[in-house]
2 protein chains.
Amino acid sequence: MRLTTKGRFAVTAMMDIALRDAAGPVSLASVSERQKISLSYLEQLFGKLRRVNLVDSMRGPGGGYSIAQPLNQVTIADIVHAVDERLDATQCSGREDCQGEHRCMTHELWTTLNAKMFEYLASVTLGELVEQQRQKLAVQPVPVAIRDKRPRRRNSREKAVAAA
Amino acid sequence: MRLTTKGRFAVTAMMDIALRDAAGPVSLASVSERQKISLSYLEQLFGKLRRVNLVDSMRGPGGGYSIAQPLNQVTIADIVHAVDERLDATQCSGREDCQGEHRCMTHELWTTLNAKMFEYLASVTLGELVEQQRQKLAVQPVPVAIRDKRPRRRNSREKAVAAA
DNA sequence: TCAATAACCTAGTAATTCTGTCAACTATAC
DNA sequence: GTATAGTTGACAGAATTACTAGGTTATTGA
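Conventions and cut-offs
- Residues numbered from 1 in each chain as written.
- Chains lettered and ligands numbered in written order.
- Predicted model: local features only at pLDDT ≥ 70, side-chain atom pairs only at ≥ 80, totals over all residues.
- Heavy atoms only, no water.
- Axes fitted to C-alpha atoms, helices over the stretch in contact; angles between N-to-C directions.
- Helix = DSSP H or I, 4+ residues; strand = E, 2+ residues; numbered from the N terminus.
- Parallel < 35°, antiparallel > 145°, perpendicular 65-115°, else oblique.
- Contact = heavy atoms within 4.5 Å.
- Nonpolar A, V, L, I, M, F, W, Y, C, P; charged D, E, K, R; others polar.
- Pairing = 2+ DSSP bridges.
- Core = buried A, V, L, I, M, F, W, Y, C linked by side-chain atoms within 4.5 Å.
- Buried < 20%, exposed > 50% of the residue type's maximum accessible area, 1.4 Å probe, protein only.

We now examine the packing of helix 1 (residues 5–18) of chain B against helix 3 (residues 39–51) of chain B. Each packed pair of helices is defined by two parameters, the angle between the axes and the distance between the axes. Residue and element names in this part refer to chain B. Relative orientation of the contacting elements helix 1 and helix 3 amounts to 80°, with a least axis distance of 10 Å. As far as their axial angle goes, helix 3 and helix 1 are roughly perpendicular. Two secondary-structure elements touch here, helix 1 through Lys-6, Phe-9, Ala-10, Ala-13, Met-14 and Ile-17 and helix 3 through Tyr-41, Leu-42, Leu-45, Phe-46, Lys-48 and Leu-49. Classifying every residue of the contact of helix 1 with helix 3 by side-chain character gives 10 nonpolar, no polar and 2 charged.

Listed below in structure tokens is the structure:
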């Protein structure tokens, strides 16, 4: 369970789509523009997300991606896991034949935290995050075309949190 | 709050030291051998850990590192934060002058999960992990010199957890 | 059937992570 | 003192990962 920009971009993009796909598939180009993530990179990430059936794709004009499963069945761990290939800080790669004091030591040392992190991310669903976003933004999932273009102010307090 | 092998190696090494430094400072060379992490890399990581006063160093023969603070005051977030320089998935870098719909959207989208992850890692202390390790390993913190060299069997069940 | 749109694919470049090596510097043991 | 075991710091290079660029294929509408 690794956690880098890659996984974060994937989660951000999935949330962006989840907030809008009630009106039909969302194109990566629009996600790219809104979230300021390079289109090529998004395409790579969504190739992986599609392969594990987290999203459905539609080609052609008006096409794009939509979330393939109910929002509260998709966990953050699912998303991160799909794009941020798993990370192994042990020497034995978690194999059953891991023996000998040194290797087992490494193995044991890491598994506890690893499991905790994974369980935590697996307990948070996309649906929950999206719901929280809706409340924060006070924005309904409207089509992009009729979206209000006026800039909005952010409420402060986020600096400390963002700095983490 | 980024989480990669770098942070994990740091946590693993800190746990290794915490388990043994009752008998005096622990050398990085021995940590390197036990945990199979390159000595050079450990030196880089511990340079950072020392600069934020998470560890004390003693030079000369018999020297090495020891944990500088009470084990249950050191959180995993402290360790990861010291070596895995913080990661920013927003465009505005969390600045106060973040305005305009697009940037704020990215900003808002990420802060929630970011904060949750950080809070979680900040709630886990090195002391707790070490205690769990002690119980799992059933090993007392004895000096390396009189350590039992016989290989030990690992209990199974860890595969699924390690695979995450 | 042509043009536009958007997914899909492949290869390359940039950045990061990790290892190896070398040269100080320091405390302890003899 | 002198040798030795150890930390500290700097740097270069290999390996991996993150990201970009450009092209190809499928679908829609005129």
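Now that the structure is up, let's keep going.
All right, on to the pairing of strand 1 (residues 55–58) of chain B then. Residue and element names in this part refer to chain B. Pairing geometry for strand 1 and strand 2 (residues 64–67), over 4 bridges, is antiparallel. What sits directly across from Met-58, in strand 2, is Gly-64. Hairpin connection, strand 1 to strand 2: the antiparallel pair is bridged by 5 residues, and Gly-60 has positive phi, about 80°.

Burial of nonpolar side chains together is a common tendency in soluble globular proteins. Counting residues in each nonpolar core, the largest one holds 73 residues, and the members touching the most others are A:Phe46 and B:Phe46. Per element, the largest residue contribution to this core is 9 residues, and it comes from helix 1 (residues 5–20) of chain A. Setting aside anything within four residues of it in sequence, one finds A:Phe46 in contact with A:Ala13, A:Met14, A:Ile17, A:Leu28, A:Val55 and A:Tyr65.

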